[in-house]
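Remarks on the overall topology
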Amino acid sequence: AQRVTQPEKLLSVFKGAPVELKCNYSYSGSPELFWYVQYSRQRLQLLLRHISRESIKGFTADLNKGETSFHLKKPFAQEEDSAMYYCALKDTGTASKLTFGTGTRLQVTL
Amino acid sequence: GAVVSQHPSWVICKSGTSVKIECRSLDFQATTMFWYRQFPKQSLMLMATSNEGSKATYEQGVEKDKFLINHASLTLSTLTVTSAHPEDSSFYICSALTLTRAYEQYFGPGTRLTVT
C-alpha cells in the first residue's frame, strides 16, 4: 500500500533562515508527488508537483527515488510562508487518488 | 478559475438525523470529485471517489450505507451522512478534477459537522 510520511508536525524557523520540510513515501510503481499548502482559514491548494520541476513562491522539491523522498525546500523563509504543508502521492491508475501525509506546520518567526 | 464550493460550511445536527453536504464546481465541469474526512490536527483521509453518472467508489473501511454519495451532474456531488452519531463529527472536504488539468485536485473550503 502506498504511504506518505511527514516526520515533523511542527517546524519553526526564523525569517530568512532556510526551510526543509521532509517527506518520504512508499509506492510500488513510479510515483507522482505533490506538495499542497493550506494557509490560515483558507482551503488546500496545490503548491507544486515534481513533474513540473517548477519553483513556486521560492519553494522547490526534488524527487529522490533512491531515498524515496520529496523534501520541500526554500532558501530564505518569509513570514507569509507560515502555513500547513501536506505532501501527497497520486495513484497513477485511472482513479487519480491522492494519499496525503500528516502535514507539517511551518511557523516563521521574526 | 477552478473554484469549488461547499455548502453548508458548518452544520450541527442531532444524533440519529441525516445531513447533506453539497460540493459544487463553480466554473468548470468535474467528472470526478473526491470526498475526504479530516480529524483535528490530522491528515485528510480519502473516503470515496465520486464519478458523474456512476456509483461512487468507497475506500476500505468506509461504510457505503452511512455515507451516501451522489454525483448527479458535472458540477455537483453530494455527501449525505445518514443516522449521524457523535463519532461522525469531523471536517469534510471535497475536491474536484478538471478535464484540462487532470493531475490537480481543486479543494473546497470544507464543512464542519458537529453531531450532538
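Bear in mind that the values here come from a model prediction, so they are computed numbers and not experimental data.

1. Looking at the overall build of chain A
When its secondary structure is counted, chain A shows zero helices and eleven strands. Helices and strands appear in chain A in the N-to-C order β-β-β-β-β-β-β-β-β-β-β. Relative to its length of 110 residues, chain A is compact, with a C-alpha radius of gyration of 13 Å against a globular reference of 13 Å. The C-alpha extent of chain A, read off along each of the three principal axes, is 45 × 30 × 25 Å. Of all 110 residues assigned to chain A, the portion counted as buried reaches 45%.

2. Digging into the sheet that holds strand 8 (residues 76-81) of chain B
Think of a sheet as strands paired side by side through backbone hydrogen bonds, with each pair either parallel or antiparallel. Residues and elements named next belong to chain B. With respect to topology, four strands assemble into an open sheet ordered 1-3-8-7, the strand pairing being antiparallel. At either end of the open sheet lies a strand with only one pairing partner, and these are strand 1 (4-7) and strand 7 (67-73). Neighbouring strand axes in the sheet, compared pairwise and without regard to direction, differ in orientation by 15° on average. Judged from the six bridges that link them, strand 3 (residues 19-25) and strand 8 form a sheet pairing that is antiparallel. Considered in strand 8, the bridge of glutamate 22 is made with threonine 78.

3. Description of the interface of chain B and chain A
In this complex, chain B contributes 19 residues to the contact, which on the side of chain A involves 16 residues. Between chain B and chain A, roughly 1,400 Å² of surface is buried when both sides are summed, and carbon and sulfur atoms account for 56% of that area. Of all residues in chain B, the largest losses of buried area upon contact with chain A belong to Ser43, Tyr103 and Phe107 of chain B, amounting jointly to 39% of the total for that side. Here chain B is connected to chain A by one salt bridge. For the salt bridge of lysine 97 of chain A with glutamate 59 of chain B, the shortest nitrogen-to-oxygen distance reads 3.1 Å. Counting across the interface, chain B meets chain A through six residue pairs in polar contact (both at pLDDT 80 or more). Among the secondary structure elements, those contributing two or more residues to the side of chain B that touches chain A are strand 4 (32-38), strand 5 (44-51) and strand 10 (105-107) of chain B. Per-class residue counts for the side of chain B that touches chain A are eleven nonpolar, six polar and two charged.

4. Describing unusual backbone geometry
Histidine 7 of chain B connects to proline 8 of chain B through a cis peptide bond whose omega is 0°. Within the secondary structure, proline 8 of chain B is located in the loop between strand 1 and strand 2 (10-13). Of note, lysine 57 of chain A is a non-glycine position whose phi angle comes to about 50°, a positive value. When you line up the elements, lysine 57 of chain A lands in the loop between strand 6 (45-49) and strand 7 (60-61). Unusually for a residue other than glycine, serine 83 of chain B sits at a positive phi of about 45°. By the element assignment, serine 83 of chain B lies in the loop between strand 8 and strand 9 (90-97).

Procedures and definitions
Residues numbered from 1 in each chain as written. Chains lettered and ligands numbered in written order. Predicted model: local features only at pLDDT ≥ 70, side-chain atom pairs only at ≥ 80, totals over all residues. Heavy atoms only, no water. Helix = DSSP H or I, 4+ residues; strand = E, 2+ residues; numbered from the N terminus. Rg over C-alpha atoms; globule rule 2.2 N^0.38 Å. Buried < 20%, exposed > 50% of the residue type's maximum accessible area, 1.4 Å probe, protein only. Pairing = 2+ DSSP bridges. Axes fitted to C-alpha atoms, helices over the stretch in contact; angles between N-to-C directions. Contact = heavy atoms within 4.5 Å. Buried area = accessible area lost by both parts, 1.4 Å probe. Salt bridge = Lys/Arg side-chain N within 4 Å of Asp/Glu carboxyl O. Polar contact = N/O pair within 3.5 Å; in protein donor to acceptor, adjacent residues only side chain to side chain. Nonpolar A, V, L, I, M, F, W, Y, C, P; charged D, E, K, R; others polar.

In short, shape yes, function no, at least from these values alone.
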